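For reference, the chains in residue letters:
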Amino acid sequence: MAQPRQRVYQAWKGDNRFFFGGRLIFGPDVKSLGVSVALIVVPVALFCVFVARHLRHQFHANDAGYAILIVAIVYTIYVLLLLFVAAARDPGIVPRASHPPEEDIHYDSLSLTDTPGTLQFPRVKEVIVNGIPVKVKYCETCMVYRPPRCSHCSICNNCVERFDHHCPWVGQCIGKRNYRYFFLFVSSSSLLCIYVFAISALYIKVLMDGDYPTVWKALKHSPASLALMIYCFISLWFVGGLTGFHMYLISTNQTTYENFRYRSDGRPNVYDRGCLSNFYEVAFAKIQPSKHKFRAYIQEEEVRAPPANSAGEVEEQVGPRAKLEDDLDIDGDLLKISQRHNHGDNDIEMGGGNANYME
């Protein structure tokens, strides 16, 4: 009975998690995404119930107070969508190879007095980027030379183009294809913190102008406002600081990985094209399609194992030196057989000669 054909996501060698038949790809720590959602939804829900709801009728012109509630809900949905898009798409995974690059393979010494030959190829190569040589490394896991700015994520077990970092709050690698949405998520979260903080403070002011003339009495009447202000203040240090840091990275066309690893090297940044061009690249440049079709069926040649006794496999297993020794042994055996054959012919001729002599 024929085995059912596998799709690419079903035979995936990385540590990613797939949902909806390979339509969504997450990192292995996708469960942390629920924590991030809760950290956003729970404070906003409290804000809507205990703060924004009481401000609906405070602005009598066309019931403008309802806008506070509507903006909070709509903007929160926008932030969650950015989080979902950043977490559920291919960040720029480099396709793996089925074998090392053949054009770079060579063998060490084949001398019979030395140890057997071993497979060798350069671990580092140089490519030219904007007229400047840049070193790219060979990935033993993916068996490819990583493109410039690419790195192998130890959590997802994939090489990712323009690798920035693996974000535990998003549960996904941040790379070439989802960095824009990650930055929009972080910066939008900062604005959401500022909005909730400001409206909560406004509600305390409204209470003080009414029946609670002092700050203490107003806070005692609405402890949720105080809790939200404290929470947003602490959160803003995190997401606000992260927004500022990534704005600096974008302005200089760096990644988090490059900034932390090469900061002390003093090497020139070959990718910096100027502040405006760098921001344009992140905000408006076309995002390349994924190099993987996760729902496509695996082709037969990709899954068919090589013949067990093929000459190529034997040669690869025994190595060039062992093959050379085998060739020498075969030549020696052929020489012995030839000598024995010639010796047998001489015996026959001598036997025939003796017979004639006897006659």
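The rules behind the values
- Residues numbered from 1 in each chain as written.
- Predicted model: local features only at pLDDT ≥ 70, side-chain atom pairs only at ≥ 80, totals over all residues.
- Heavy atoms only, no water.
- Core = buried A, V, L, I, M, F, W, Y, C linked by side-chain atoms within 4.5 Å.
- Buried < 20%, exposed > 50% of the residue type's maximum accessible area, 1.4 Å probe, protein only.
- Helix = DSSP H or I, 4+ residues; strand = E, 2+ residues; numbered from the N terminus.
- Expected span 1.5 Å × (residues − 1).
- Contact = heavy atoms within 4.5 Å.
- UniProt positions renumbered as here; feature names shortened; annotations may be inferred.
- Phe/Tyr/Trp six-rings, centres within 6.5 Å; stacked < 30°, edge-to-face > 60°.
- Lys NZ or Arg CZ within 6 Å of the ring centre and 35° of its normal.
- Axes fitted to C-alpha atoms, helices over the stretch in contact; angles between N-to-C directions.
- Parallel < 35°, antiparallel > 145°, perpendicular 65-115°, else oblique.
- Nonpolar A, V, L, I, M, F, W, Y, C, P; charged D, E, K, R; others polar.
- Polar contact = N/O pair within 3.5 Å; in protein donor to acceptor, adjacent residues only side chain to side chain.
- pLDDT = per-residue confidence, 0-100.
- Pairing = 2+ DSSP bridges.

Asker: Requested: an account of the nonpolar core, with residues and values cited.
Answerer: Note that soluble globular proteins tend to have their nonpolar side chains buried in a common cluster. Membership of the largest hydrophobic core comes to 43 residues, with the highest contact counts inside it found for Phe26, Phe47, Val51, Val170, Phe182 and Phe185. Secondary-structure elements contributing two or more residues to this core are strand E2 (24-26), helix H1 (32-50), helix H2 (65-87), helix H3 (179-209), helix H4 (215-221) and helix H5 (223-252). Top element by residues in this core is H3. It accounts for twelve residues. Residues Val94, Cys139, Cys142 and Val144 belong to the second largest nonpolar core, which totals six residues.

Asker: Describe H2, with residues and values.
Answerer: For H2, with 23 residues, the first-to-last C-alpha span of 34 Å sits near the 33 Å given by 1.5 Å per residue. Regarding H2, the residues found buried are Gly65, Ile68, Leu69, Ala72, Thr76, Val79, Leu82, Leu83, Ala86 and Ala87. Those residues of H2 that are buried lie in contact with E2, H1, strand E11 (172-174) and H3.

Asker: Describe the UniProt feature "transmembrane region" (unreviewed entry) in the protein, listing the residues and the values that go with them.
Answerer: Under the UniProt annotation, "transmembrane region" (unreviewed entry) lies at residues 33-52, 64-88, 181-204 and 224-250. Strand forms 0% of residues 33-52 and helix 90%; the C-alpha atoms that close the span are 27 Å apart.

Asker: If you had to explain the side chain of Glu161 to someone new, which residues and values would you point to?
Answerer: If you trace the backbone, Glu161 turns up in the loop between strand E9 (158-160) and strand E10 (165-167). For Glu161, a relative accessible area of 14% puts it in the buried group.

Asker: Give me the environment of Ile77: which residues, what numbers.
Answerer: Mapped onto the fold, Ile77 is located in helix H2. Placed 36 residues apart in sequence, Ile77 and Val41 show a C-alpha to C-alpha distance of 9.1 Å.

Asker: So what's going on with the environment of Ser188? Residues and values would help.
Answerer: Relative to the assigned elements, Ser188 resides in helix H3. Along the chain, Ser188 and Tyr75 lie 113 residues apart, while their C-alpha atoms are 8.5 Å from each other. Those residues in contact with Ser188 that lie beyond four places of it in its chain are Tyr75, Tyr78, Val79 and Leu82.

Asker: Any chance you could break down the packing of aromatic side chains for me, citing the residues and the numbers?
Answerer: A full pass over the atoms with the stated rule returns 15 aromatic pairs. Note on Phe19 and Phe26: the rings are 5.4 Å apart at their centroids and 80° apart in plane angle, and the pair reads as edge-to-face. Here a set of aromatic residues connected by ring pairs shows up, and it is made of Tyr9, Trp12, Phe18 and Phe294. Against the face of Tyr179 rests Arg162, its NZ or CZ located 5.4 Å from the ring centre.

Asker: Any details on the packing of H5 against helix H7 (residues 275-283)? Residues and values, ideally.
Answerer: Closest axis-to-axis distance for the H5/H7 pair is 7 Å, and the angle between their directions is 110°. Between H5 and H7, the interaxial angle falls into the category roughly perpendicular. Of the residues in H7, those in contact with Met247, Ile250, Ser251 and Thr252 of H5 are Cys275, Asn278, Phe279 and Val282. Tallied by class, residues from the contact of H5 with H7 come to five nonpolar, three polar and no charged.

Asker: Which residues make up the side chain of Asn178, and what values do they have?
Answerer: Here Asn178 lies in the loop between E11 and H3. By relative accessible area, Asn178 is classed as buried at 0%. Here the side chain of Asn178 touches Cys173 through a polar contact of 2.8 Å, landing on its backbone oxygen. Not counting chain neighbours up to four residues away, the residues in contact with Asn178 comprise Ala86, Arg89, Pro91, Gln172 and Cys173.

Asker: Kindly report on the confidence of the model for the protein, identifying the contributing residues and their values.
Answerer: Averaged over every residue, the pLDDT of the protein is 83; residues scoring 70 or more account for 77%. By mean pLDDT, the top-scoring element of the protein is E9 (98), and the lowest-scoring one is helix H9 (residues 311-358) (42). A low-confidence stretch, residues 109-114 (pLDDT under 50), is modelled with 13 contacts involving residues beyond four sequence positions or located in other chains. Scored below 50 in pLDDT, residues 340-359 shows zero contacts in the model against residues more than four places distant or in partner chains.

Asker: For the sheet that holds strand E5 (residues 124-129), give the residues involved together with the corresponding values.
Answerer: Read from one edge of the open sheet, three strands run E5-E6-E7, paired in antiparallel fashion. Two strands in the sheet have a free side with no partner beyond their single neighbour: E5 and strand E7 (144-145). For E5 and strand E6 (residues 132-139), the ladder comprises six bridges, and the chain directions are antiparallel. Bridge pairing in E6 links Val127 to Val134.

Asker: A description of unusual backbone geometry should follow, citing residues and the corresponding values.
Answerer: You will see that Asn157, though not glycine, has its phi angle at about 60°, which is positive. One non-glycine residue, Asn253, lies in the positive phi region at around 55°. Within the secondary structure layout, Asn253 lies in the loop between H5 and helix H6 (256-262). Given a relative accessible area of 3%, Asn253 falls into the buried group.

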